[in-house]
Amino acid sequence: MKHAADDTIAAIATPLGVGGVGVVRVSGERAKEILACLFVCSNGSMIDSHRMVHGWLIDPKTDLKVDEVLACLMRSPKSYTGENVVEFYCHGGLPVVQRVLALALDSGARLAQKGEFTRRAFLNGKLDLAQAEAVLDLVNAQTVHGAGFAVRQLEGRLSNIVKGTRSGLVDMLAELEALIDFPDDLPELNYDQFVKRLGGSIQEIDKLLATADSGRIYRVGLPTVIIGKPNVGKSSLLNTLLGEERAIVAELPGTTRDAIEETVNVQGMPLRIIDTAGIRHPKDRAEELGVERARKELDAADFTLVVIDASAELDSLDKAVLGRASGKQMVLVLNKIDLGVRINQNELGRLANGSPTFKVSALTGEGIEELKEGVFKYIQSHLFQPFGEAVVINTRHKECLARAKEALVRASKSGSQSMPVDFISIDLKGAVVALGEVAGEMVSEEVINTIFERFCVGK
Ligand code: GDP
């Protein structure tokens, strides 16, 4: 349903459940009126902007007290949305916050749509689109590191880098347009220099594009598989990495969680372990398990943990698993070291092909911290490439940047062939538009809708 953008909106901003505090947020023209209608300040004074005040939330129809609250008015434009915003900090029980919300709605607000507060912040110029997306990333961050990337994006780092590149291209475009408009008054275009400058911009875009995978790792986790022949301790290792007894190992058949995926937090980096149900419900055909399943899983994953029983000799199944995994980004886990190390490490070294190897006991926990550290370092050096340690992009940014790059490559090619200036300017303009979409300087309603639909109500 389409709603007027100047309605006053209200929503519960905290999770729906029992908590110490529940926040109801109101934004828009009528926020102050709603505050005056529902709130009685305990010292009877007027409410200053950006001051937290104590008082009572009352039902204006009955004058009965609903809750003892703190209220805060944030006058436009110095608020999250840029509009007048009022927040009520109530006691956190669901019936209380629902009641306060209902009273706000009765007093002239309507229920906010998903992400509408942040959408208004964007439309009122408080945030650009990349920053608005950072708000969503921050709320949904799975680890402290992920939250760190989101905060840096919220701070505007990505937007600033892209704006810098874009403004260089806008200057070049202006030069081309001057040449088109006043061909007789200006010297001819220096094509070589022009192509060189384009090359610089392409490089900057490439650096950002290279961070797409890293961004994905922190947003959704690195798709990871644990493979190995039956009984080497894959399920036990998964449990130990998860830090709790969430799966049932082979000795305890029976009730098992059928989760398809679990997220293991390795020093702040989320590994999305895929097909955990497959790990936990091994079928009894050893060969199929060791090799066939490994093949399917390997295709789906970006990173592999190969588990081998250190207390026994390497056998043909181990070798088959290693063979399948060769060429993949992998770390070897020699498990069951509490039973002694019997494996031929020279032979293993040859088969491991330089992959780092860690000795652990999933049973006692020995070596697990070192494994986590090693996995983190391996991923950082092999699969992870943030921009100056600070910025990673998402799929939408990737698409915009890729489009900008394509246009610049075309412009560069035309430049090397000394094509007419107006011809080159079309591609350059295309690149400027595409880069503008990252921060939302030029972006369609549809894109905006898609982004804010992913938010929750109240954000
Ligand atoms: P999977 O088939 O590879 O998933 O192996 P499981 O995790 O189900 O483990 C198979 C058996 O090995 C179970 O009896 C586990 O308790 C045992 N096991 C797993 N890890 C270790 C370990 O580090 N040390 C010892 N002694 N036993 C282990």
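Scope of this entry: the structure provided in the associated data block. (Residues numbered from 1 in each chain as written. Predicted model: local features only at pLDDT ≥ 70, side-chain atom pairs only at ≥ 80, totals over all residues. Heavy atoms only, no water.)

### Considerations on the overall build of the protein chain
Then step 1. The helix and strand tally for the protein chain stands at 17 helices and 13 strands.
Then step 2. In summary, the protein chain has a C-alpha radius of gyration of 29 Å against a globular reference of 23 Å for 459 residues, an excess of more than 25%.
Then step 3. Each of the three principal axes of the protein chain carries a C-alpha extent, and together these read 80 × 80 × 35 Å.
Then step 4. Counting all 459 residues of the protein chain, 49% fall into the buried class.
Then step 5. Pairs at least 24 apart in sequence give 70% of the contacts found in the protein chain among residues at least 6 apart.
Then step 6. Accessible surface, the protein chain: about 22,100 Å² in total, of which carbon and sulfur atoms supply 52%.
Then step 7. Side-chain charges of the protein chain comprise 53 positive and 62 negative groups, with the mean position of each set lying 2 Å from the other. (Helix = DSSP H or I, 4+ residues; strand = E, 2+ residues; numbered from the N terminus. Rg over C-alpha atoms; globule rule 2.2 N^0.38 Å. Buried < 20%, exposed > 50% of the residue type's maximum accessible area, 1.4 Å probe, protein only. Contact = heavy atoms within 4.5 Å. Areas by Shrake-Rupley, 256 points an atom, 1.4 Å probe, with all protein chains shown as cover. Lys, Arg positive; Asp, Glu negative; His and termini not counted. Charge placed at Lys NZ, Arg CZ, Asp CG, Glu CD.)

### Observations concerning empty space enclosed by the protein
Then step 1. Taken as a whole and assessed by the stated rule, the structure comprises one cavity of 30 Å³ or more.
Then step 2. When its volume is computed, the largest cavity comes out at roughly 30 Å³.
Then step 3. Lining the largest cavity we find Leu 241, Val 266, Leu 271, Leu 305, Leu 371, Lys 372 and Val 375.
Then step 4. At three residues, the largest contribution of residues to the lining of the largest cavity is made by helix H14 (residues 368–382).
Then step 5. Along the lines of polarity and charge, the residues of the lining of the largest cavity split into six nonpolar, no polar and one charged. (1 Å grid on protein atoms, 1.4 Å probe; cavity = no way out; pocket = protein on both sides within 12 Å on 5 of 7 lines; lining within 4 Å. Points joined across faces, edges and corners; volume = space filled by probe spheres on them. Nonpolar A, V, L, I, M, F, W, Y, C, P; charged D, E, K, R; others polar.)

### Remarks on the nonpolar core
Then step 1. Counting residues in hydrophobic clusters, the biggest one holds 34 residues, and the most contacted among them are Leu 158, Leu 169, Phe 194, Leu 198, Leu 401, Leu 408 and Leu 428.
Then step 2. Put simply, the parts of the chain that give this core at least two residues each are helix H6 (157–181), helix H7 (191–209), helix H15 (395–416) and helix H16 (421–439).
Then step 3. Among the elements that make up this core, the one with the highest residue count is H16 (eight residues).
Then step 4. When sequence neighbours within four positions are dropped, the list of residues in contact with Leu 158 reads Ala 130, Gln 153, Leu 208, Val 391, Ile 393, His 397 and Val 438.
Then step 5. Ranked by size, the runner-up nonpolar core spans 32 residues in total, among them Ile 217, Val 307, Ile 368 and Ile 379. (Core = buried A, V, L, I, M, F, W, Y, C linked by side-chain atoms within 4.5 Å.)

### Comments concerning the sheet that holds strand S13 (residues 357–359)
Then step 1. Taken in spatial order, the six strands of this open sheet run S9-S10-S8-S11-S12-S13, and their pairing is mixed. Whereas interior strands pair on both sides, the edge strands pair on one side only; in this sheet they are strand S9 (261–266) and S13. Direction aside, the axes of adjacent strands within the sheet are offset by 30 degrees on average.
Then step 2. Of the strands in this sheet, strand S8 (222–227), S9, strand S10 (269–274), strand S11 (303–309) and strand S12 (330–335) are in contact with helix H9 (residues 234–242), which crosses S9 at around 55 degrees. (Pairing = 2+ DSSP bridges. Axes fitted to C-alpha atoms, helices over the stretch in contact; angles between N-to-C directions.)

### Remarks on the packing of aromatic side chains
Then step 1. For the coordinates displayed, the defined rule picks out four aromatic pairs.
Then step 2. Relative to Phe 452, the ring of Phe 122 has its centre 6.3 Å away and its plane inclined at 35 degrees; by these criteria the two rings are tilted. Of this pair, Phe 122 sits in helix H3 (residues 116–123) while Phe 452 sits in helix H17 (residues 445–452), and the two are 330 residues apart along the sequence.
Then step 3. Aromatic pair Phe 452 and Phe 455: ring centres 5.2 Å apart, planes at 35 degrees, arrangement tilted. Here Phe 452 matches Phe 455 in class, with each residue buried.
Then step 4. Every member of this aromatic cluster is reached through a ring pair, and the members are Phe 122, Phe 452 and Phe 455.
Then step 5. For the cation-ring pair, Arg 25 lies above Phe 117, with the distance from its terminal atom to the ring centre recorded as 5.3 Å.
Then step 6. Residue placement shows Lys 65 over the ring face of Trp 56; its charged tip is 4.5 Å from the ring centre. (Phe/Tyr/Trp six-rings, centres within 6.5 Å; stacked < 30°, edge-to-face > 60°. Lys NZ or Arg CZ within 6 Å of the ring centre and 35° of its normal.)

### What about the sheet that holds strand S1 (residues 9–12)?
Then step 1. Strand order in this open sheet of seven strands is S3-S4-S5-S6-S2-S1-S7, and the pairing throughout is mixed. Edge positions in the sheet fall to strand S3 (39–41) and strand S7 (110–111), since each has one partner strand and no second.
Then step 2. Pairing of strand S4 (residues 52–59) with strand S5 (residues 64–74), which is carried by eight bridges, proceeds in the antiparallel orientation. Bridge assignment links Met 52 to a residue of S5, and that residue is Cys 72.
Then step 3. Against the sheet, helix H1 (residues 31–38) touches strand S2 (21–27), S3, S4, S5 and strand S6 (85–91), its axis set at about 70 degrees to S3.
Then step 4. Seen against the sheet, helix H2 (residues 94–106) touches S1, S2, S4, S5, S6 and S7 and runs at an angle of roughly 175 degrees to S1.

### With respect to the state of the cysteines
Then step 1. Tallied over the full model, the rule gives zero disulfides.
Then step 2. We note that Cys 72 lacks a disulfide partner, and the nearest cysteine sulfur, in Cys 41, lies 12 Å from it.
Then step 3. Under the relative-accessibility criterion, Cys 72 is labelled buried at 8%.
Then step 4. Here Cys 456 is not cross-linked by a disulfide; its sulfur's nearest cysteine counterpart is in Cys 90, at 17 Å. (Disulfide = S-S within 2.5 Å.)

### Re the pattern of salt bridges
Side chains carrying opposite charge are able to pair once their charged atoms draw close together.
Then step 1. This model, assessed by the stated rule, comprises 25 salt bridges.
Then step 2. Note that Arg 110 and Glu 116 form a salt bridge whose closest N and O atoms lie 2.7 Å from each other.
Then step 3. Of the residues examined, Arg 110 reaches a relative accessible area of 13% and is grouped as buried.
Then step 4. Residue class for Glu 116 comes out buried when judged on its relative accessible area of 6%. (Salt bridge = Lys/Arg side-chain N within 4 Å of Asp/Glu carboxyl O.)

### A word on the layout of surface pockets
Then step 1. Of the voids in this model, the second largest pocket is the one considered here, and its volume is about 460 Å³.
Then step 2. Looking at the second largest pocket, it is lined by 25 residues, and the ones nearest its centre are Asp 137, Gly 215, Arg 219, Val 220 and Asn 394.
Then step 3. At the level of secondary structure, the elements contributing two or more residues to the lining of the second largest pocket comprise helix H4 (129–140), helix H5 (144–154), helix H8 (212–220), H15 and H17.
Then step 4. Taken together, the residues that form the lining of the second largest pocket break down as ten nonpolar, seven polar and eight charged.

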